[in-house]
Amino acid sequence: MGAARSELGNRFRTLLAGLAILLAWLVLASAAQARDTLRLAMPLEPPNLDPTAGAAAAIDEVVYGNVFEGLVRIGPTGRVEPALAESWEVSPDGRIYVFHLRRGVRFQDGSPFDAGVVKFSLDRARAKDSANAQKAYFEPIERVEVVDPLTVRLVLRHAASSLIYVLGWGDAVMVSPKSAADNAAHPVGTGPFRFARWRRGDSIELVRNPAYWGPQPRLNAVVFRFIPDPTAAYAAIKAGNIDAYPNFPAPENLAELRRDPRFRVVVGATEGETILALNNAKPPFDNLLVRRALAHAIDRKAIIDGAMFGYGQPIGSHFPPQNPDYVDLTGLYPHDVARAKALLAQAGYPNGFAATLKLPPPSYARRSGEIIAAQLAQAGVRVTIENLEWAQWLDQVLKNKNFDMTVVSHTEPMDYDIYGRDYYFGYRSAAFDALLDRLNQAVDAPTRSLLLKAIQRKIAEDSVNVFLFEFPKLNVWDAHLRGLWRDSPVQANVVAEAWFDEPGSTAPAEAPRVAQSSAWAAPVALAGVAALMLLAFVRLGATYVGGRLLALTLTFLAATVVVFLLIQVTPGDPAAYMMGLNASPEAVAALRTQMGLDGSLPQRYFDWIAGLARGDFGVSYTYRVPVGQLIAERVAVSLPLALMALALAVAVAFPIGVFAARRRGRAADTVTMGVTQVFMAMPNFWFAMLLVLVFAVGLRWLPAGGFPGWDAGAWPALKALVLPALALALPQAAILARVLRSALIDTLDEDYVRTARAKGLTEGQVVYRHALRNALIPTLTIVGLQFPFLLAGAVIVENVFFLPGLGRLVFQAITQRDLIVVQSVVVLLVFAVVVVNFLVDLGYAAIDPRLRRRSA
Amino acid sequence: MSETTIPGPATRGGRASAALWLGAALTGLFVAAVLLSLVWTPYPVADLDMAGRLRAPSAAHWFGTDHFGRDVLSMILVGARNSLAVAVVAAGVGLLVGVPLGLLAAAKGGLTDELVMRSNDLIFAFPSLLLAIMITAVAGPGAINAVIAIGVFNIPVFARVARGAALSLWTRDYVLAARVAGKGKGLISLQHILPNIANLLIVQGAIQFSMGVLAEAALSYVGLGAQPPTPSWGRMLNEAQTLIGFAPWLAIFPGVAIVLSVLGLNLLGDGLRDLFDPKLDRSR
């Protein structure tokens, strides 16, 4: 009994401590965001911030033109413009480039920019062990020469007219020899903004670089927030939590946003050709007739309507319509099912054939894929859809070319050259390669234009892939926001010239850091556990407790082995995922070695366990920061959420349980228990959606998703947790209420309760003073067991609300193949479950000595 | 997916309660939807109709149409197949593997018992949904892998129930008599123990069945269940999420379908337990 009470007291104290901290935050109300801070949302979080060591578009979308600059830049209209080089000359044979550098440029850490830095950056990018994703594009460079501190000469092996364009990409930005190695986590460039901080899973903040060589930006700070979930994106925009979403992921919601005067919806162009890619190296797709048949079978309009809600321009080849050299080839294979069938018959497939369609995660691909499957079925092609995560897609489709068809948007600018490479769709054509060669040698504009048109025609005539639509850039901007790019000639969000055309307000207040709360609660919890252990030893004897401890340790160790092995057989290469779509195999291999993925299996297991024992969880593959730090950040969301949910569940369950028990067998009892049955039958994510529908979409009382962070103020943070906590709590409350009711009914039948009644106590006194105390034990056991599951079981609810909590961290880490994070979090949760079970066991044994004898 | 048995309402006496009837009716509806979908749906679910998409519920489409113009009622009917199949097979996996393990543990005792029960503890130590997500991430999404991921957690549940009930039976006179008569432990388990714990297993089966429906919905919701174009309730809810503001029917009807089938199975389980053994209701 004593043990149970102390365990109970310990829980209550932890709970009270949590509540006290939450209340303290409540007092610090949030201040309005200043209008010199731009909050810009993007769908994907970059894996790291080094644009020279990864192909993920999200890296450039944060740092290109903001933190880092190259010799030249791609301007808002897609033209090559001067950047760190003021001017340049090209020799008539196209083999020598001379760049004249800007004077007085410094990196954000104060180190100077000069010709030596240019040589360092370019040599690093094209080095043998370079992890640069676009290494192949630097191949024409034979050597880089420093002429004087402000002049650099590039000598090429052969003419390469696209090189100047490549030098404007994020992969060719200038990095300082001093800081280059740390750019992944702490990027240092020459740009108008410098890196301030990264709240992983949530946002990255850049602040103005006062020492910038060019005109000072009008914004003081930029916060890039990561909101992949279309629902959460819509909610965040509507709630005024973000000022701009340049690639809005939910075209279905644009009509509604257009009607809202607070926003401007501007549809621009990207360089993203969305295609149904065919494996040209594999029968039957190696047959031109089949590829043409598939093109005829596809109805582009239905796809643009169904998948993109009408946004997106149809294309007939691999080339963007906004380009001056574009040729409209959409009429080459009109939608014609009869023609498609005839071509298939002619190719030797009169009854069609079966094929798989592997789809990456974005909704444009998933939706297009479903429509394509239905359209191809009409022509007799039986399609099996396989939905893949990015890591699997990269592994199976891009790397191992193990696919029939896929849908993907090729977002790189001027990427027609992939048809001349040994690329995943397996197209090889000497005629095409010859065209590409001539284009590379061509220095004058009219010849280039003719050749670009010939290339488009060649791709379309060979019907290499089925060309669907040019991906639209769906900009949603605050109505007062000016100076952002309408189009995406490169994958970038250049904010150097952005500003708000209305006066600013106060600066945001500083709020206490979250870390304090964990520091506070941990000793309390530890003290409680120690007290319970001591009590258990005294009352139960060392043999019993020792035995249980041994069992606990063994269970835990077995769990680590299971988790480790499960993780090891997970397909998908974390290194490939990190490098992104266009990475070269050598770069991926170099990264694998860097990440220590080459060791033997047992060796890696023991390294990991030894680390765990020291409290070292390792370093995240994707974020490249200690896993312990990541977990601590996420616990700051998950723990308050779990505590809130638990408190809510208890608060709701107790009155209901007591109410029902006191009226057992009567109509009120039956109705109450019926209601709890309904809540138990409800999937919590569906309940979450209903809550969003009513309280966020309908009443607009609470945000529909996302988490502003504790330093945005206590009130906004708590508000963001209310709906998720409710969604988690009510199904648990239903279970709890039933347990309590049943336990109360049991105790109400006991002799001592009858005695109390006989003594003349009122029914209320009997219930609250006698029966409830004893019914608490089974109820609190359930509460205790629910807690670790609330902490982890929130995976799906965290996904619905897009909260950066533990569950979401694991889920994200699984899809990103950040295996070390998955391992650590799962093991941590297992640890929590095992420890709670152990404590509950001890509590029971302390109460009921009979249990001791059996288990000891 | 937890093993906690939830006590039901206080219906006294071993007779068919209202809960049982309601549960049987809802479960019947669920099964009827599956059977009906095999022979008839209002519209073919494979047909897309971009011109008729996102229609609100009407006489032509009782539950409206989705973003591809598919009939929601037809999709729910066909989706029931998937829910039923995954949950039934997952419960079957648990039953077929877990019960023999539980009987073995009870019969042999000692090290065997310890081994079986500790492996159970091991599985219980994992947050079930998270491990199911990991399993499907490793093995690839799809209905079959969902069955495995859910079924794994049913094994210890049945093992525990079977072991607990069997242990108490091993001290009964008729079992002792069988032992004296020289019957082996395996035979006794099969002939005497198993028939006597069958009721308990049926009740637990109904509960695990309902949890399987919920778990399948959760896995499908995160995209790890049955793959498109096969309709599944969880994925329908996922797809409804961005459209909820202007097409709420897409989020409401599949959710109601899940709640009704899970509710039906839970009530059926509770009702059966009361029917078989009224005392069980008060045992926890």
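Residues numbered from 1 in each chain as written. Chains lettered and ligands numbered in written order. Predicted model: local features only at pLDDT ≥ 70, side-chain atom pairs only at ≥ 80, totals over all residues. Heavy atoms only, no water.

Undergrad: What exactly am I supposed to notice about the overall build of chain B here?
TA: Per the secondary structure count, chain B includes 9 helices and 0 strands. In sequence order, the secondary structure elements of chain B are arranged as α-α-α-α-α-α-α-α-α. Summarising its shape, the C-alpha atoms of chain B cover approximately 75 × 45 × 30 Å along the three principal directions. Residues classed as buried in chain B amount to 58% of the 284 residues present. Surface exposure of chain B reaches about 10,900 Å², of which carbon and sulfur atoms provide 69%. (Helix = DSSP H or I, 4+ residues; strand = E, 2+ residues; numbered from the N terminus. Buried < 20%, exposed > 50% of the residue type's maximum accessible area, 1.4 Å probe, protein only. Areas by Shrake-Rupley, 256 points an atom, 1.4 Å probe, with all protein chains shown as cover.)

Undergrad: Would you take a moment to explain the confidence of the model for chain B for this structure?
TA: Low pLDDT marks stretches whose predicted atomic positions should not be read closely. Residue and element names in this part refer to chain B. When pLDDT is averaged along chain B, the result is 86, and 92% of the positions lie at 70 or above. Ranking the elements of chain B by mean pLDDT puts helix H4 (residues 128-139) last with 78 and helix H2 (residues 72-108) first with 94. Note on residues 1-13: pLDDT is under 50 here. Beyond four places in sequence and across chains, it has 47 contacts. Under a pLDDT of 50 for its full length, residues 280-284 has, in the predicted model, 16 contacts with residues more than four places off or in other chains. For this predicted complex, the interface score ipTM comes out at 0.88, while the overall pTM is 0.81. (pLDDT = per-residue confidence, 0-100. Contact = heavy atoms within 4.5 Å.)

Undergrad: What is the right way to look at the interface of chain B and chain A in this model?
TA: How big an interface is tends to be expressed through the accessible area that disappears when the partners come together. On the chain A side, the residues contacting the 62 residues of chain B number 63 residues. Taking both partners together, chain B and chain A bury about 5,700 Å²; carbon and sulfur atoms supply 72% of that area. Where chain B meets chain A, there are 2 salt bridges. Here Arg70 of chain B and Glu370 of chain A are joined by a salt bridge, their closest N and O atoms 3.0 Å apart. Run the count over chain B and chain A and you get 7 residue pairs in polar contact (both at pLDDT 80 or more). Only helix H3 (110-124), H4, helix H7 (185-221), helix H8 (233-240) and helix H9 (249-276) of chain B provide two or more residues apiece to the side of chain B that touches chain A. It is H9 of chain B that provides the largest number of residues to the side of chain B that touches chain A, a total of 11 residues. Tallied by class, the residues present in the side of chain B that touches chain A amount to 43 nonpolar, 10 polar and 9 charged. (Buried area = accessible area lost by both parts, 1.4 Å probe. Salt bridge = Lys/Arg side-chain N within 4 Å of Asp/Glu carboxyl O. Polar contact = N/O pair within 3.5 Å; in protein donor to acceptor, adjacent residues only side chain to side chain. Nonpolar A, V, L, I, M, F, W, Y, C, P; charged D, E, K, R; others polar.)

Undergrad: How should I be thinking about unusual backbone geometry in this particular structure?
TA: Where the residue is not glycine, phi is negative for most of them; where a peptide bond is considered, it is trans in most cases. Looking along the chain, the bond that leaves Pro283 of chain A and enters Pro284 of chain A is cis, with omega of 0°. Inspection of the secondary structure assignment puts Pro284 of chain A in the loop between strand E12 (263-278) and helix H7 (288-297). With omega at 5°, the peptide bond leading from Pro228 of chain B into Pro229 of chain B counts as cis. Relative to the helices and strands, Pro229 of chain B resides in the loop between H7 and H8. With a phi angle near 50°, Phe309 of chain A is a residue other than glycine that sits in the positive phi range. Here Phe309 of chain A is to be found in the loop between helix H8 (300-308) and strand E13 (313-314). According to the relative accessible area criterion, Phe309 of chain A is buried, its value standing at 15%. Even without a glycine there, the phi angle at Ser463 of chain A is positive, about 40°. Relative to the elements of secondary structure, Ser463 of chain A occurs in the loop between helix H13 (445-461) and strand E17 (466-478).

Undergrad: Looking at this structure, I do not really get the sheet that holds strand E4 (residues 85-90) of chain A. What am I missing?
TA: Within a beta sheet, neighbouring strands are joined by backbone hydrogen bonds and run either parallel or antiparallel to one another. Residue and element names in this part refer to chain A. Strand order in the open sheet formed by 4 strands is E4-E5-E7-E6, with antiparallel pairing between adjacent strands. For this open sheet the edge positions go to E4 and strand E6 (141-148), each flanked by a neighbour on one side alone. Recorded for the sheet is a direction-independent mean angle of 20° between the axes of neighbouring strands. Pairing analysis gives 5 bridges linking E4 to strand E5 (residues 96-101), with the strands arranged antiparallel. Across the sheet, residue Ser87 finds its bridge partner in E5, namely His100. Taken strand by strand, helix H3 (residues 115-126) contacts E5, E6 and strand E7 (151-156), and its axis lies near 170° from that of E6. (Pairing = 2+ DSSP bridges. Axes fitted to C-alpha atoms, helices over the stretch in contact; angles between N-to-C directions.)

Undergrad: Please clarify how H13 of chain A should be interpreted in this entry.
TA: Given 3.6 residues per helical turn, the α-helix brings residues three or four places apart onto the same face. Residues and elements named next belong to chain A. Under the 1.5 Å per step criterion, the end-to-end length of H13 is 24 Å for 17 residues, consistent within 8% with the ideal 24 Å. Those residues of H13 not exposed but buried are Arg448, Ser449, Leu451, Leu452, Ile455, Gln456, Lys458, Ile459 and Ala460. Where H13 is buried, its residues touch helix H12 (430-441) and E17. The positive-phi residue at the C-terminal boundary of H13 is Ser463, with phi of around 40°. (Expected span 1.5 Å × (residues − 1).)

Undergrad: Please clarify how the nonpolar core should be interpreted in this entry.
TA: As a rule of thumb, nonpolar side chains are buried together in soluble globular proteins. By size, the foremost hydrophobic cluster in this structure holds 182 residues, and its most contacted members are Leu38, Leu484, Phe801 and Val826 of chain A. For Leu38 of chain A, the residues in contact, after removing those within four places along its chain, are Leu219, Ala221, Val222, Val223, Asp243, Ala244, Leu481, Leu484, Val495, Ala498 and Phe500 of chain A. Core analysis: the next-biggest nonpolar cluster, separate from the first, contains 109 residues, Ala302, Phe469 and Ala492 of chain A together with Phe68 of chain B among them. (Core = buried A, V, L, I, M, F, W, Y, C linked by side-chain atoms within 4.5 Å.)

Undergrad: Looking at this structure, how should I read a nonpolar patch on the surface?
TA: A contiguous nonpolar surface patch, about 600 Å² in accessible area, is contributed by Val88, Val89, Val93, Leu95, Leu96, Val97, Leu101 and Leu104 of chain B. Position of Leu95 of chain B relative to the elements: it lies in helix H2. (Patch = residues over 30% accessible without salt bridge, like charges linked within 9 Å, V, L, I, M, F, W, Y side chains within 5 Å.)

Undergrad: Before we go on, may I ask you to explain the environment of Lys399 of chain A in this structure?
TA: Residue and element names in this part refer to chain A. Residue position: Lys399 is located in helix H11 (residues 390-399). For Lys399, a relative accessible area of 45% corresponds to the partly exposed category. Along the backbone, Lys399 and His318 are 81 residues apart, and their C-alpha atoms lie at a distance of 21 Å. Setting aside anything within four residues of it in sequence, one finds Lys399 in contact with Leu394 and Asp573.

Undergrad: Help me understand the pattern of salt bridges, please; the structure alone is not making it clear to me.
TA: Between side chains of opposite charge, a pair can form as their charged atoms come close. Residue and element names in this part refer to chain A. In total, this model carries 33 salt bridges over all chains according to the counting rule given. The closest approach of N and O atoms between Arg367 and Glu252, which form a salt bridge, is 2.8 Å. Here Arg367, found in helix H10 (residues 363-378), pairs with Glu252, found in the loop between strand E11 (244-245) and helix H6 (254-259); they are 115 residues apart in sequence, far enough to count as distant. Residue Glu252 is classed as buried on the basis of its relative accessible area, which comes to 6%. One salt bridge connects Glu256 with Arg259, and the closest N-O pair in it is separated by 3.3 Å. Here the residue Glu256 and the residue Arg259 both occupy positions in helix H6, the gap between them amounting to 3 residues, near one helical turn. Overall, the relative accessible area of 24% leaves Glu256 in the partly exposed class. The class for Arg259 is exposed, based on a relative accessible area of 62%. If you follow the salt bridges from partner to partner, you end up with Arg35, Arg39, Asp243 and Asp478 in one network.

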